[in-house]
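These are the residues of each chain, in order.
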Amino acid sequence: MKKRLILLILLSFGISALFAAPCGDVNSDGTINIVDALLTAQHYVGLNPSPFDQTVADVNGDDSVNIIDSLLMAQYYVGLISSFEGCLSTPEPMDPVTVFAVNCGGSAYTAADGTRYAADTGFSGGSAFDNGASVSGTSDSTLYSSERYGNSTYSAEVPNGQYRVTLHFSENYHTSTGIRIFNVEIEGTPAITNLDLYAEAGGKKAYVTENQVAVKDGQIDIKFVTVTENALVNAVKVEILSYAEPTATPDPNNTPTPTPNPDEPKLWVFLAFGQSNMVGGTITAADKIVPERFKLLAAATHSGRTVGQFYPAVPPLGDSGSGVSPADIFGRRMVEGLPANITVAIYNVSMPGQSILLFQPNVVMSEYLAEMKRLNSGFDGSWLGPRMAEYGGDLYKRMVELGKIAQEKGEFKGMILHQGEADWPDGIKGRWPGLLKNVYDNLVKDIGVDPAECPLLVGELLYGNQGGTLSHLNSEMIAKAPQVIPNAHIISAEGLPGKDAYHFTREGVETLGKRYADKMLELLGY
């Protein structure tokens, strides 16, 4: 009786108040009004079990949707409150970035819109089939000729946030309605019910659906469930729309944190990685005189150094072919700006002329070389072998290996990156932000650091007015890093002179290195 009375009270309010944030806008019509309050109340009394994203309806942030949320929406509408506690950290919208795309049952494929669909991966259950059908209603018939059929699930590790899931279907086998019917669940919630592809689109014709969902457990799961015959899916694309702010895990024992001694000696370690500008150039005699508190964590086997050991930061800091780069200047500037009890160490894992693809986890060199040749017919990676060997043959593994040593001996404090010139082809530049995010997310997870305390500083490429020919990538790629990595920050290259179309002069290297350091010092509170 009390629940019905509450519904009547809510119905006594009128209609609509504009609200910019999605939190509270249960029916996604751009306003928070009595309909949103009513839908939430119906959910509470069991009349409407799951008609909406419940993270949007949880306006008080207590991880449940109940009558309190409904009353708060009503209070907001009549002007008694002006915001919701659960919505204060709602992230700003950003450009969608593809984090997972797969050609179900088929091989890798690049779509007409530039989306790179990986060969079938991330699935459990079902069977793969490709009948080579010619599918209408699309510019990507190849994407629809292969499928995964039967009960199956596609899963991918992703950060918590709001996502758009695009599913591609085509009925390439049956020729009448009522034979193949199936459901789709995304994150455990029904997304499509009783889908009959032939009834919706006919035979051998593309059918596309989109759903927006929230991920709260670090993994997105898309499940295809047979009703009659076999469920199927031809392709899956997942784009991130916004990130959820990380929440601190409370200490169950409520143990007080000891007060740190500000004068205690500390070792702060930073990772530098990228391509030729981070590899560096000519080393002078003056470069070999380094501050006492500036150290190298050796990442490559050369010059009598042992990987994983600390040495004075005498260049080269990377492999034997590297020189003085922004990483060298960064370290010197950091020492100048930090208290005398803090020692700074750098390890540099960079490779000239190489794509962000080379820094991904589990890279297979033969596949990497083939992909780079496909993207850029002029690519020559024949010289890579000896330089990669100095890093143990795998750049990502070496970055993680030394990151763990940094955590054992001191603190892993952040990363600086200069990379992107190699990723100008259309087949890679649109994927660059997501690929960078994949490197960063896996590094912080595998090294064991909190992403909220691990800045990534991303340097811009040489500007056009300084002779750079790839400056357009600053807006098309580099500027998107903070959209996909909350703790990423852009380091400007404005005004830095170039010695050719891609590289900075020594003056430019020094200024860029100082800009990296000044930003890192600011983020660390110095």
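These figures come from a predicted structure and were not determined experimentally.

Criteria and thresholds
- Residues numbered from 1 in each chain as written.
- Predicted model: local features only at pLDDT ≥ 70, side-chain atom pairs only at ≥ 80, totals over all residues.
- Heavy atoms only, no water.
- Helix = DSSP H or I, 4+ residues; strand = E, 2+ residues; numbered from the N terminus.
- Buried < 20%, exposed > 50% of the residue type's maximum accessible area, 1.4 Å probe, protein only.
- Areas by Shrake-Rupley, 256 points an atom, 1.4 Å probe, with all protein chains shown as cover.
- Axes fitted to C-alpha atoms, helices over the stretch in contact; angles between N-to-C directions.
- Parallel < 35°, antiparallel > 145°, perpendicular 65-115°, else oblique.
- Contact = heavy atoms within 4.5 Å.
- Nonpolar A, V, L, I, M, F, W, Y, C, P; charged D, E, K, R; others polar.
- Polar contact = N/O pair within 3.5 Å; in protein donor to acceptor, adjacent residues only side chain to side chain.
- Pairing = 2+ DSSP bridges.
- Expected span 1.5 Å × (residues − 1).
- 1 Å grid on protein atoms, 1.4 Å probe; cavity = no way out; pocket = protein on both sides within 12 Å on 5 of 7 lines; lining within 4 Å.
- Points joined across faces, edges and corners; volume = space filled by probe spheres on them.
- pLDDT = per-residue confidence, 0-100.
- Phe/Tyr/Trp six-rings, centres within 6.5 Å; stacked < 30°, edge-to-face > 60°.
- Lys NZ or Arg CZ within 6 Å of the ring centre and 35° of its normal.

The subject of this paragraph is the overall build of the protein chain. Broken down by element type, the protein chain carries 16 helices and 21 strands. By the burial criterion, 49% of the 526 residues in the protein chain qualify as buried. In the form shown here, the protein chain has an accessible surface area of approximately 23300 Å², with 51% of it arising from carbon and sulfur atoms.

Taken N-terminus to C-terminus, the directions of helix α2 (residues 34-45) and helix α4 (residues 67-77) make an angle of 170°; their axes are 8 Å apart at the nearest point. Taken together, the axes of α2 and α4 are roughly antiparallel relative to one another. Note on element contacts: α4 touches α2 through Ile67, Asp69, Ser70, Met73 and Ala74, opposite Asp36, Ala37, Thr40, Ala41 and Tyr44. Residues that form the contact of α2 with α4 fall into these classes: six nonpolar, two polar and two charged.

Bringing the side chain of Asn348 into the picture now. Mapped onto the secondary structure, Asn348 falls in strand β18 (residues 342-350). Residue Asn348 is classed as buried on the basis of its relative accessible area, which comes to 2%. A polar contact of 2.6 Å, which involves the side chain of Asn348, links it to the side chain of Ser350. The contacts of Asn348, once residues within four sequence positions are left out, are Ala272, Phe273, Met278, Ala299, Leu317, Gly318, Ser325, Ala327 and Tyr391.

In a beta sheet, neighbouring strands are held together by backbone hydrogen bonds and run either parallel or antiparallel to one another. An order of β4-β5-β3-β14-β8-β11 is seen for the six strands of this open sheet, with the pairing classed as mixed. Looking at the sheet topology across the chains shown, the edges are occupied by β4 (109-110) and β11 (207-215). Sheet topology note: the strand β3 (residues 97-103)/strand β14 (residues 235-243) ladder contains six bridges and is antiparallel. Within the sheet, the bridge partner assigned to Val97 lies in β14 and is Ile240.

Every α-helical turn comprises 3.6 residues, leaving residues that sit three or four positions apart pointing alike. Compared with an ideal rise of 1.5 Å per residue, which puts 16 residues at 22 Å, helix α13 (residues 432-447) spans 22 Å between its outermost C-alpha atoms and is within 8% of the ideal. Most of α13 is tucked away: twelve of the 16 residues are buried. Those residues of α13 that sit buried are Trp432, Pro433, Gly434, Leu435, Leu436, Lys437, Val439, Tyr440, Asn442, Leu443, Val444 and Ile447. Positive backbone phi, approximately 95°, marks Gly448, located one or two places after α13.

Scanning the model with the defined rule gives one cavity of 30 Å³ or more in all. Put simply, the largest cavity is a space of about 40 Å³. The wall of the largest cavity is formed by Leu358, Val363, Met365, Met388, Gly393, Asp394 and Leu395. A per-class count over the lining of the largest cavity returns five nonpolar, one polar and one charged.

On to the sheet that holds β18, then. Pairing in this open sheet of seven strands is mixed, and the strands run β17-β16-β18-β15-β19-β20-β21 from one edge to the other. At either end of the open sheet lies a strand with only one pairing partner, and these are β17 (310-312) and β21 (488-491). Across the sheet, the mean angle separating the axes of adjacent strands is 30° when strand polarity is ignored. When strand β20 (residues 456-459) meets β21, the two strands line up parallel, connected through four bridges. Opposite Gly459, over in β21, you have Ile491 as the bridge partner. Helix-sheet contacts for α13 involve β15 (266-274), β18, β19 (411-418) and β20, and the interaxial angle to β19 is about 165°. Those strands touched by helix α16 (residues 506-523) are β15, β19, β20 and β21, and its axis lies near 145° from that of β19.

Turning to the environment of Pro497, a few remarks are in order. Among the structural elements, Pro497 can be located in the loop between β21 and α16. When the C-alpha positions of Pro497 and Glu507 are compared, they lie 7.2 Å apart, and in sequence the two are ten residues distant. The residues touching Pro497, leaving out its near neighbours within four places in the chain, are Leu462, Gln466, Phe504, Thr505, Glu507 and Gly508.

Relative to the helices and strands, Ala41 resides in helix α2. Separated by 29 residues in sequence, Ala41 and Ser70 have C-alpha atoms that sit 5.7 Å apart.

This part is about helix α8 (residues 326-337). Here α8 is twelve residues long and its end C-alpha atoms lie 16 Å apart, about the 16 Å a rise of 1.5 Å per residue gives. Within α8, nine of the twelve residues are buried, leaving the element largely enclosed by the surrounding structure. Burial in α8 covers these residues: Pro326, Ala327, Asp328, Ile329, Phe330, Gly331, Arg332, Met334 and Val335. In this structure, the buried side of α8 is in contact with β15, α7 (276-279), β16 (294-297), β18, β19 and α16.

Moving on: the confidence of the model for the protein chain. Per-chain confidence: the protein chain averages 87 in pLDDT, with 88% of residues scoring 70 or above. For residues 1-21, every residue scores under 50 in pLDDT, and the model assigns this stretch 39 contacts once sequence neighbours within four places are set aside. Within the model, pLDDT remains below 50 along residues 88-92, and this stretch shows seven contacts once partners closer than five positions in the same chain are excluded.

Turning next to the packing of aromatic side chains. Centre distance and the angle of the planes are the two values used to describe a pair of aromatic rings. According to the stated counting rule, one finds ten aromatic pairs in the structure shown. A ring pair is formed by Tyr154 and Phe224, whose centres lie 6.5 Å apart and whose planes are at 85°; its orientation type is edge-to-face. One end of the pair, Tyr154, is in strand β7 (residues 146-157); the other, Phe224, is in strand β12 (residues 219-228), and 70 residues separate them in sequence. Since its relative accessible area comes to 1%, Phe224 is described here as buried. Through successive ring pairs, a cluster of aromatic residues spans Phe123, Tyr154, Phe169, Phe182, Tyr207 and Phe224. The aromatic ring of Phe123 is capped on one face by Arg148, whose charged end is 3.5 Å from the ring centroid.

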